[in-house]
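Residues per chain are reported as follows:
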Amino acid sequence: NEITLADAVGTRMPAVRDTMRRKIAEKYKCMESVNAIKTFPNDDVAFDAEAYKAAISKCFPGDVVTIFTPDDTHFDIAKACMEAKLHVLVAKPAVKTLDNHLKLIQVAKENNVLCCVEYHKRFDPLYTDARDRGDSLGPFSFFNATMTQPKAQLDTFKNWAGKSSDISYYLNSHHIDICSWIAGKSSRPTKVTAFAATGAANKYLNVSDRKIEDTITLSTEWENKEDGSKGIGIYTASWIAPKSDSHTQQNFHYCGQNGEIRVNQARRGYEMAMDDEQRPFANLNPLYMKYTPGKDGYFSGQNGYGYKSIERFVEVCQQINDGEITKEDVENMGDLATIESTARVTAILEAGRLSLDNANRGVELVYDDNVPFESEPT
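Residues numbered from 1 in each chain as written. Predicted model: local features only at pLDDT ≥ 70, side-chain atom pairs only at ≥ 80, totals over all residues. Heavy atoms only, no water.

## Thoughts on the packing of aromatic side chains
Now for step 1: All told, the structure shown has 14 aromatic pairs when counted by the stated rule.
Now for step 2: Taking the centre distance of 6.2 Å and the plane angle of 70° together, the rings of F143 and Y254 count as edge-to-face. Here F143 is found in strand β6 (residues 140-150), whereas its partner Y254 is found in strand β10 (residues 249-256), with 111 residues between them in sequence.
Now for step 3: Judged by its relative accessible area of 1%, Y254 falls in the buried class.
Now for step 4: Residues F157 and Y170 carry aromatic rings whose centres are separated by 4.9 Å and whose planes lie at 65° to one another, so their mutual orientation is edge-to-face. On the criterion of sequence distance, the pair formed by F157 in the loop between α6 (152-156) and α7 (167-183) and Y170 in helix α7 is long-range, its members being 13 residues apart.
Now for step 5: The exposure class assigned to F157 is buried, which follows from its relative accessible area of 13%.
Now for step 6: One aromatic cluster is present, built from ring pairs that chain together Y127, F140, F143, W222, Y235, F252 and Y254.
Now for step 7: Over the face of the ring belonging to Y367 we find R188, whose NZ or CZ atom lies 4.2 Å from the ring centre. (Phe/Tyr/Trp six-rings, centres within 6.5 Å; stacked < 30°, edge-to-face > 60°. Helix = DSSP H or I, 4+ residues; strand = E, 2+ residues; numbered from the N terminus. Buried < 20%, exposed > 50% of the residue type's maximum accessible area, 1.4 Å probe, protein only. Lys NZ or Arg CZ within 6 Å of the ring centre and 35° of its normal.)

## Structural notes on the environment of G228
Now for step 1: By the element assignment, G228 lies in the loop between β8 (213-224) and β9 (230-241).
Now for step 2: The spatial distance from the C-alpha of G228 to the C-alpha of S187 is 9.2 Å, given a sequence separation of 41 residues.

## A few points about the sheet that holds β10
Now for step 1: Across the sheet, seven strands lie side by side as β11-β10-β6-β9-β8-β7-β15; this open sheet has mixed pairing. Of all the strands in the sheet, just β11 (259-264) and β15 (363-364) have a single pairing partner and so form its edges.
Now for step 2: Pairing of β8 with β9, which is carried by nine bridges, proceeds in the antiparallel orientation. In the sheet register, T215 faces β9, and the bridge partner there is S238.
Now for step 3: Against the sheet, helix α5 (residues 125-133) engages β10 and β11, with an angle of about 170° to β11.
Now for step 4: Packed onto the sheet, α7 meets β6, β7 (187-198), β8, β9 and β10 and runs at close to 150° relative to β9. (Pairing = 2+ DSSP bridges. Contact = heavy atoms within 4.5 Å. Axes fitted to C-alpha atoms, helices over the stretch in contact; angles between N-to-C directions.)

## Side note on helix α4 (residues 98-111)
Now for step 1: Here α4 contains 14 residues, and its C-alpha end-to-end distance of 20 Å stays within 8% of the 20 Å for a straight helix at 1.5 Å per residue.
Now for step 2: Among the residues making up α4, those that are buried are L98, H101, L104, I105, V107, A108 and N111.
Now for step 3: In the core, the buried residues of α4 are packed alongside α3 (74-83), β5 (115-118), α10 (327-333) and α11 (343-356). (Expected span 1.5 Å × (residues − 1).)

## Notes on unusual backbone geometry
Now for step 1: Following F40, the chain continues into P41 via a peptide bond in cis, with omega recorded as -5°.
Now for step 2: Note on placement: P41 falls in the loop between β2 (38-40) and α2 (51-56).
Now for step 3: The omega torsion of the bond from K92 to P93 falls at -10°, within 30 degrees of zero and hence cis.
Now for step 4: Residue position: P93 is located in the loop between β4 (87-91) and α4.
Now for step 5: Of note, C30 is a non-glycine position whose phi angle comes to about 55°, a positive value.
Now for step 6: Along the chain, the position of C30 falls in the loop between α1 (13-25) and β2.
Now for step 7: Although it is not a glycine, A359 sits at a positive phi angle of roughly 55°.
Now for step 8: By the element assignment, A359 lies in the loop between α11 and β15.
Now for step 9: According to the relative accessible area criterion, A359 is exposed, its value standing at 65%.

As structure tokens, this is what we get:
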């Protein structure tokens, strides 16, 4: 029942522990256990990119690890964790290249551990219902999704924006997964062409040493197994929006050949207005995470889909450890985004990056002709 946290910068660990004390231990009843968190590296270490290895050495086979680090560090950390027989939940995107994704699939297989991608939108009740209704809509035809966040988000990611990752990896990954999840394995992506808007992010951060895309749109062609018919997926992500009533403006439109579904996740019909100059009006979404304590003082956000996404992973890992279920059972359940079932998401994201870096040329996704249609790209 121990919690261990690894970062690369030890000198900020005192502030991290203080934040957990103030925002968890002192905010909710019976949460004092977070004060005993073990942090790596030591507080006097300025930088240690491999501090996670010391944290791994304190774990036992079957323990659970969550990885929420810059995108280009996911592969090495996830690989090391699985080789230590640890179950892994990694933030989206799992990795930046299809090659690394396929390698992680192999590492998970060799060590018989579960590796999943933390696509929490799968646990949003509206998105879950949309997925369950997907079969009734007929073969996949069209998907259009938008996610935008305010420019202040660039302050959080200024050290890696335009260097180790981009806004498409960060936000488009969500709805690419949802599109793939709803369409199912009877459809598969075959070609990606990407376009980007630029100018605002570089101006906002006042940097000229690299190009930071403001907005990225991926146009993706899909193929249906049933009759070879085509579908279109359009995924747009941006981090130059103004501050508004919702931190993330997000919606999608899924259209099958026999019906359609539309979801606006930013506006759930729950609004709040206050005498607050910083944010006088807001569209609230406690369906994701509820941080307000219950009237009894205890944490009461267990029903949020952001919470359920992690809880479900831990629950399944415990069942695997106890021999109650297998990794194949988890795959068949379909609610968790396993590393084995999400290679096509990584393939689309990487193809988008390749398209942008090559004058917006189309990038084809390749499949092995000797395996079933439902298999992931190679």
